[in-house]
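What follows is the residue order along each chain.
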Amino acid sequence: MEGYQRFLALLVSALLLGFVAVVCSLVWVFRYREGLGWDGGAAEFNWHPVLVVTGFVFVQGIAIIVYRLPWTWKCSKLLMKFIHAGLNTIAMILAIVSMVAVFEYHNARKIPNMYSLHSWIGLTAVIFYSLQLFLGFAVFLLPFAPVPLRMALMPIHVYSGLLIFVAVIASALMGITEKLLFSLKSPAYSESPPEAIFVNCLGLLIVTFGALILWMASRPHWKRPPEESAKVQRPNGGAPEGMEAESTMTDCSNADRSDAGFNSDAARKRNFKLDEAGQRSTM
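Residues numbered from 1 in each chain as written. Predicted model: local features only at pLDDT ≥ 70, side-chain atom pairs only at ≥ 80, totals over all residues. Heavy atoms only, no water.

1. Regarding the packing of helix H3 (residues 47-65) against helix H4 (residues 77-108)
Part 1 of the argument: It is the contact of H3 with H4, at a shortest axis distance of 8 Å, that shows an interaxial angle of 165 degrees. Accordingly, the angle class assigned to the pair H3 and H4 is roughly antiparallel. Note on packing geometry: the crossing formed by H3 with H4 is left-handed. Residues Trp47, His48, Leu51, Val52, Thr54, Gly55, Phe56, Val59, Gln60, Ile62 and Ala63 of H3 touch H4, and the partners they reach there are His84, Leu87, Asn88, Ile90, Ala91, Leu94, Ala95, Val97, Ser98, Met99, Ala101 and Val102.
Part 2 of the argument: In terms of residue class, the contact of H3 with H4 is made up of 16 nonpolar, 7 polar and no charged. (Axes fitted to C-alpha atoms, helices over the stretch in contact; angles between N-to-C directions. Helix = DSSP H or I, 4+ residues; strand = E, 2+ residues; numbered from the N terminus. Parallel < 35°, antiparallel > 145°, perpendicular 65-115°, else oblique. Left-handed = near helix turned anticlockwise from the far one by under 90°. Contact = heavy atoms within 4.5 Å. Nonpolar A, V, L, I, M, F, W, Y, C, P; charged D, E, K, R; others polar.)

Structure follows, in structure tokens:
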């Protein structure tokens, strides 16, 4: 793997930053807020930032780069598909629970739903993430989709996954800023109290984690190599298994092409003679 040491350093840094971000989200709700609960109050709302950071940011980020871990390249592609799908399913479940918590809190406090840009982008990310997960199962995990369809949808699948991840990070940053603006009254957010500084640092951790994940996911030389199924040498020192059939097919195809070329040349000569004969008869 090209740049293995650099990849390993970025991976360790990303995992460390993501883990610290999850811990900071818990410290925020337990030290500066009301803790965690499920009673329709503020403690229930606090599940929302914790589960978004844990599932929708951290777990989803790991799911994005799981194919690029070089020590998993010896594992079968099907196993890695299941791991990728499993991590995304966990992230999806945590995101849905976080949405339920915030909606129940708003309804209990008679707070309007879906009026801010944070809620618009967040719900859009959840909806498209659900579609992404469903299509991923149907097209890439189940063995029913034809290969041309998979090849056509793979670039869209990769791009939409990264786009959703960016949208989740943007929504998370807007959400924690919105929470501070609404909650900090005396002192206000503009006066930079300790909670505001702490949560701003949490936002920086999320941004840095996302940047590292996107960098690792976008480097072509860190991509999982294609599975090589025909590299076992025969005991007698002959060609690798499957290569003879491939060479035979190649020879046959070359013979077919030469025959076709010969036939086409003969046909052109016949047509030329007929045209020449026709011109002579006309003259």
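2. Some thoughts on the side chain of Arg33
Part 1 of the argument: Structurally, the position occupied by Arg33 is in the loop between helix H1 (4-32) and helix H2 (42-45).
Part 2 of the argument: A polar side-chain atom of Arg33 sits 3.0 Å from a polar atom in the side chain of Glu195. (Polar contact = N/O pair within 3.5 Å; in protein donor to acceptor, adjacent residues only side chain to side chain.)

3. Quick look at the nonpolar core
Part 1 of the argument: Counting residues in each nonpolar core, the largest one holds 49 residues, and the members touching the most others are Phe56, Ile65, Ile206, Phe209, Ile213 and Met216.
Part 2 of the argument: Those elements that place two or more of their residues in this core are H1, H3, H4, helix H5 (117-141), helix H6 (147-183) and helix H7 (194-218).
Part 3 of the argument: Here this core gets 10 residues from one element, more than from any other, and that element is H7.
Part 4 of the argument: Excluding residues that lie within four positions of it along the chain, Phe209 makes contacts with Ala14, Leu17, Gly18, Val57, Phe58, Gly61 and Phe165. (Core = buried A, V, L, I, M, F, W, Y, C linked by side-chain atoms within 4.5 Å. Buried < 20%, exposed > 50% of the residue type's maximum accessible area, 1.4 Å probe, protein only.)

4. Things to note about the pattern of salt bridges
Part 1 of the argument: Counted by the stated rule, this structure contains 1 salt bridge.
Part 2 of the argument: Residue Arg33 pairs with Glu195 through a salt bridge whose shortest N-O separation is 3.0 Å. Remark: Glu195 occurs in helix H7 and Arg33 occurs in the loop between H1 and H2; sequence separation between them is 162 residues. By the burial criterion, Arg33 is buried, and Glu195 matches it. (Salt bridge = Lys/Arg side-chain N within 4 Å of Asp/Glu carboxyl O.)

5. A closer look at unusual backbone geometry
Part 1 of the argument: With an omega of 5 degrees, the peptide bond running from Ser186 to Pro187 counts as cis.
Part 2 of the argument: Relative to the helices and strands, Pro187 resides in the loop between H6 and H7.
Part 3 of the argument: For Lys110, which is not a glycine, the phi torsion comes out positive at approximately 60 degrees.
Part 4 of the argument: Mapped onto the elements of the fold, Lys110 is located in the loop between H4 and H5.
Part 5 of the argument: Backbone geometry at Ser192 places phi at a positive 55 degrees, although glycine is not the residue there.
Part 6 of the argument: Residue class for Ser192 comes out partly exposed when judged on its relative accessible area of 45%.

6. Overview of a nonpolar patch on the surface
Part 1 of the argument: A cluster of nonpolar side chains, namely Leu16, Phe19, Val20, Val23 and Val27, defines an oily patch on the protein surface of about 400 Å² accessible area.
Part 2 of the argument: With respect to the secondary-structure elements, Leu16 resides in helix H1. (Patch = residues over 30% accessible without salt bridge, like charges linked within 9 Å, V, L, I, M, F, W, Y side chains within 5 Å. Areas by Shrake-Rupley, 256 points an atom, 1.4 Å probe, with all protein chains shown as cover.)

7. Focus on the packing of aromatic side chains
Part 1 of the argument: Here the structure, examined in full by the defined rule, presents 5 aromatic pairs.
Part 2 of the argument: Both rings, one in Tyr32 and one in Phe198, keep their centres 5.7 Å apart while their planes meet at 40 degrees; by these two values the pair is tilted. Here Tyr32, found in helix H1, pairs with Phe198, found in helix H7; they are 166 residues apart in sequence, far enough to count as distant.
Part 3 of the argument: For Tyr32, a relative accessible area of 23% gives the class partly exposed. (Phe/Tyr/Trp six-rings, centres within 6.5 Å; stacked < 30°, edge-to-face > 60°.)

8. Here we look at the packing of H1 against H3
Part 1 of the argument: Closest axis-to-axis distance for the H1/H3 pair is 9 Å, and the angle between their directions is 170 degrees. Judged by the angle between their axes, H1 and H3 are roughly antiparallel. On the side of H1, the interface is formed by Leu11, Leu15, Gly18, Phe19, Ala21, Val22, Ser25, Leu26, Trp28 and Val29, while H3 contributes Pro49, Val50, Val53, Thr54, Phe58, Ile62 and Ile65.
Part 2 of the argument: In the contact of H1 with H3, the residues fall into 14 nonpolar, 3 polar and no charged.

9. Considering the environment of His157
Part 1 of the argument: With respect to the helices and strands, the residue His157 is situated in helix H6.
Part 2 of the argument: Spatially, the C-alpha atoms of His157 and Leu133 are 9.7 Å apart, while their sequence positions differ by 24 residues.

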